[in-house]
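Now for the letters of each chain:
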Amino acid sequence: MKKIVILTGAGISAESGLGTFRAEGGLWAEHRIEDVATPEGFARDPQLVVDFYNARRAQAAEAAPNAAHLALANLEAAFDGDVVLVTQNVDDLHEKAGMKRVMHMHGALNGALCGACDLRWPAPMVMAPGDACPHCKAPAARPDIVWFGEMPYDMEEIYDHLAQADLFAGIGTSGNVYPAAGFVAEARRHGAQTLEFNLEPSAVGSQFDDIRIGPATQTVPEWVAEVLGG
Ligand SMILES: [Zn+2]
């Protein structure tokens, strides 16, 4: 086994206290997805959307990586081969855990994006609608988040990695959001073994060769120890 491609989703951050839009309570419960996670919602009410991500950014800044994040960083550092981590999460808990290479396919809370020229730069803790782009000066700064209806980042590179993977692991993903939900099928098509970690099988759970049920903070460190030990 020379190349492992890992996809992480909301389930891995949930154990660090960051809620998902499916979870009860929390930030998402007060808002509709159409209002805070679509380009149309941002056009309608930029203040509401910017405030929402300011709150999520503040919450993420307080969160600490858990045992699953730390185990994956250890895998990256110690595995005799290539570890590629793709995440659907917009928090930086993988980076806080020490992971060197993280592909944020859905963007990042600590990023700003210019709606006029596509420049990306580090977001301030508190963004405001109409913040100017440092490059083109347009008052068009927005959170660097891939909203519903927008194209995720790095797709070409991700599919290249999936085509070369010996093992594809999905951790804490719902299997409901495409294109990420299609990664397991893509990896399988190219001959990879596939392994899911989840509290319950995801919507695409039946496509995995094997499923390990349980909290990621238990199942992921166990698996990493097996990979590094074997
Ligand atoms: Zn710009």
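Scroll up to find the structure.
Predicted model, so just to flag it, every value in this text is computed and none were measured.

Visitor: Looking at this structure, I do not really get the packing of helix α6 (residues 67-78) against helix α10 (residues 216-229). What am I missing?
Guide: How two helices sit against one another is set out by the angle between their axes and by the gap between those axes. It is the contact of α6 with α10, at a shortest axis distance of 8 Å, that shows an interaxial angle of 15°. In this view, α6 runs roughly parallel relative to α10, as classed from their interaxial angle. Pair α6 / α10 crosses with left-handed handedness. Where α6 approaches α10, its residues Ala67, Ala68, Ala71, Leu72, Asn74, Leu75 and Ala78 are matched on the opposing element by Ala216, Thr217, Val220, Pro221, Trp223, Val224, Val227 and Leu228. Partitioned by chemical class, the residues of the contact of α6 with α10 number 13 nonpolar, 2 polar and no charged.

Visitor: What is the right way to look at the sheet that holds strand β4 (residues 107-114) in this model?
Guide: In space, the 3 strands of this open sheet follow the order β5-β4-β6, with antiparallel pairing throughout. Edge positions in the sheet fall to β5 (120-122) and β6 (141-145), since each of these pairs with one other strand and no more. On average, adjacent strands in this sheet sit at an angle of 45° to one another, irrespective of strand direction. By the bridge criterion, 4 bridges tie β4 to β6 in an arrangement that is antiparallel. Counterpart to Ala112 in the pairing with β6 is Pro143.

About the criteria used
Residues numbered from 1 in each chain as written. Predicted model: local features only at pLDDT ≥ 70, side-chain atom pairs only at ≥ 80, totals over all residues. Heavy atoms only, no water. Axes fitted to C-alpha atoms, helices over the stretch in contact; angles between N-to-C directions. Helix = DSSP H or I, 4+ residues; strand = E, 2+ residues; numbered from the N terminus. Parallel < 35°, antiparallel > 145°, perpendicular 65-115°, else oblique. Left-handed = near helix turned anticlockwise from the far one by under 90°. Contact = heavy atoms within 4.5 Å. Nonpolar A, V, L, I, M, F, W, Y, C, P; charged D, E, K, R; others polar. Pairing = 2+ DSSP bridges.

By themselves, these are just geometric observations and shouldn't be taken as functional.
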